[in-house]
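Overview (structure and organization)
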Amino acid sequence: MSRGLGDVYKRQAAGREKILDTLGRNGFEAYIVGGCVRDSLLGSKPNDWDITTNALPEQIAACFPEHTLVLNGIRHGTVGIVEDGVLFEATTYRVDGTYSDNRRPDSVAFTPRLEEDLCRRDFTVNAMAYNERDGLIDCFGGRSDLNKRLIRCVGEPEKRFEEDALRILRALRFASKLDFAIEKKTANAVLKEKDRLLNIANERIAKELLSLLCGQGAGRVLREFPQVFFVFLPELAPMLHFDQNTPYHNLPLWEHTAKSVESIAPQRDLRLVMLLHDIGKPLCKTTDGQGVSHYRGHPQKSAEMAQGILTRLRLPTSLAEEAVQLVLYHDYRCEPSARAVRRLLSRVGEQAAKKLVQVRMADADAQSSYRREEKLRLIADYESMLSEVLARGDCFSLKDLELNGKDLLTAGYPAGKEMGRVLAMLLGEVIDGRLENKKALLLARAKELYVDIV
């Protein structure tokens, strides 16, 4: 299997072959196992090289007396081996005890049999092992499922999900990332056991969700398993089968959401924004005398709800703040004038202003053809003006202003909240084009403003 991996894998491939060979020369079985086998068979670069062996942890360590070892997982049978600067984890064949918390085994026991180790794993595509001597060890049809593009549990799906409920979301994540279907019995068990996800920590849910959303099959997974997402994001449930009842939309709200997710670049923040951008619509719906529905204020409501969700999921503050900001402005139709664009830049910053182009395009892509050309033209005009303003170096933030607090102190003006107000007013006048961003002019105008304020 190492042949054909390419130069990019050479150091990792050489390292893991050396570890396998060392264990073998000491009389032990040893194989690469799990995701690295799956990814290699798919022609992808593995992120990690996991090794499984019948050597006990102390025996593994004894085989590598000259290596740096990482022993913090030794209680569970794992020894980290640093070979040529790369960390490899070698784990003794094991069987898991009971899972009282639906997440981790209460105990593990070592076993001399590889098959017993493989049968405790989650999905067939992750339950294959390989070494050069024995070739591929595939007890559960993992290679066949790779060829069929299927995610299938090892053994009984209900038991696998009962052991570790996070596997429910992992099944969806693998289906999205690999763009595979989920085998029927496994799919049925996903839906049957979905409420077990309530036992999983929000941080773990968030990690799987973000990875899932960035998969090429994310839209399909959202369409096929909405009820699973509603377990840990109940705020999304009203979107299912919600008829938007407006000429601007020809899709129910959940379908619109799924399509907008798959229409944007697979970046965590962008896909998260599209998942949540219209979450407030059901709460903002009104219907006029002609029977057409309207959703005034839904960006604000959606941003408010997104803030609550992302706080609950304990996402990094920077990611959550940017996502909420983009949700808030996702429907903002910025006039394609330099003044309006500078105003928007002042509110959201350069990165968010650029990302709004992608957000609005993805939103439009999931809408009806009604006034489509007009919408696309407005987005294009905004993007063009944004590029022009940024290329010209227009001032839209205090750091761009040719006058700062130190300058005002030097000119004899007192520090305090009045100084902040004056700087903000100067910036506003520069943004609006009523004042040139030149220090002498700014100082003169500051003098007038101080008189008015004081």
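The shown structure was predicted, so the numbers you read here are calculated from the model rather than taken from an experiment.

What follows is about the overall build of the protein chain. Scanning the protein chain from N- to C-terminus turns up 22 helices and 13 strands. In terms of overall size, the protein chain is more extended than a compact globule, its C-alpha atoms giving a radius of gyration of 28 Å where 454 residues would be expected to give roughly 22 Å. Dimensions along the principal axes, computed over C-alpha positions, put the protein chain at roughly 90 × 60 × 40 Å. Out of the 454 residues belonging to the protein chain, those deemed buried represent 50%. Put simply, 65% of the contacts in the protein chain that link residues at least 6 apart link residues at least 24 apart. Counting only carbon and sulfur atoms, one obtains 49% of the accessible surface of the protein chain, whose full area is about 21400 Å². Of note, the protein chain has its 66 positive side-chain charges centred 2 Å away from the centre of its 65 negative side-chain charges.

We now examine the packing of aromatic side chains. Inspection of the entire model under this criterion finds seven aromatic pairs. Taken together, a centroid distance of 6.1 Å and an interplanar angle of 55° make the contact between F229 and F232 tilted. With a gap of three residues between them, F229 and F232 both fall in helix α11 (residues 226–232), about one helical turn apart. Considered together, F229 and F232 belong to a single accessibility category, that of buried residues. With 5.2 Å between their ring centres and 75° between their planes, F230 and W254 make a pair best called edge-to-face. Highlighted residues: F230 in helix α11 and W254 in helix α12 (residues 253–262), separated in sequence by 24 residues. You can call W254 buried: its relative accessible area is 4%. Of note, R173 hangs over the ring of F174, and the distance from its end group to the ring centre comes to 4.6 Å.

Glancing now at the confidence of the model for the protein chain. The predicted coordinates of low-pLDDT regions are not to be read in fine detail. Summary statistics for the protein chain give a mean pLDDT of 94 and a share of 95% for residues scoring 70 or more. Every residue in residues 1–8 is under pLDDT 50, and counting partners more than four places away or in other chains gives 18 contacts.

Below, the discussion takes up the pairing of strand β2 (residues 50–53). Both strand β1 (residues 30–33) and β2 contribute to a ladder of three bridges, which runs antiparallel. Of the residues in β2, the one forming a bridge with I32 is I51. In this structure, β2 lies alongside strand β5 (residues 86–92), joined through four bridges in parallel fashion. Paired with T53 across the two strands is T92, which belongs to β5.

With that settled, the discussion passes to the nonpolar core. Grouped together as the largest cluster of nonpolar side chains are 109 residues, with contacts concentrated most on I151, L172, F229, L236 and L276. With eight residues, helix α7 (residues 166–178) is the single largest residue contributor to this core. If we skip the residues at most four places from it in the chain, L276 touches L236, S302, A306, I309, L310 and V327. Core analysis: the second largest hydrophobic core is formed by 17 residues, M419, L423, I431 and L435 among them.

Time to look at helix α13 (residues 268–276). Of all the nine residues making up α13, eight are buried; the element is thus mostly covered by neighbouring parts of the structure. Among all positions in α13, only D269, L270, R271, L272, V273, M274, L275 and L276 are buried. Where the residues of α13 are buried, they touch α9 (202–213), α10 (218–224), α12, α15 (298–312), α16 (317–329) and α18 (350–365).

In this structure, D179 takes a positive phi of about 60° despite not being glycine. Mapped onto the elements, D179 comes out in the loop between α7 and β11 (181–182). Among the residues examined, D179 registers a relative accessible area of 28% and is labelled partly exposed. With phi around 60°, H241 is a residue other than glycine that occupies positive phi space. In this fold, H241 is placed in the loop between α11 and α12. Of the residues examined, H241 reaches a relative accessible area of 68% and is grouped as exposed.

Calculation rules
- Residues numbered from 1 in each chain as written.
- Predicted model: local features only at pLDDT ≥ 70, side-chain atom pairs only at ≥ 80, totals over all residues.
- Heavy atoms only, no water.
- Helix = DSSP H or I, 4+ residues; strand = E, 2+ residues; numbered from the N terminus.
- Rg over C-alpha atoms; globule rule 2.2 N^0.38 Å.
- Buried < 20%, exposed > 50% of the residue type's maximum accessible area, 1.4 Å probe, protein only.
- Contact = heavy atoms within 4.5 Å.
- Areas by Shrake-Rupley, 256 points an atom, 1.4 Å probe, with all protein chains shown as cover.
- Lys, Arg positive; Asp, Glu negative; His and termini not counted.
- Charge placed at Lys NZ, Arg CZ, Asp CG, Glu CD.
- Phe/Tyr/Trp six-rings, centres within 6.5 Å; stacked < 30°, edge-to-face > 60°.
- Lys NZ or Arg CZ within 6 Å of the ring centre and 35° of its normal.
- pLDDT = per-residue confidence, 0-100.
- Pairing = 2+ DSSP bridges.
- Core = buried A, V, L, I, M, F, W, Y, C linked by side-chain atoms within 4.5 Å.

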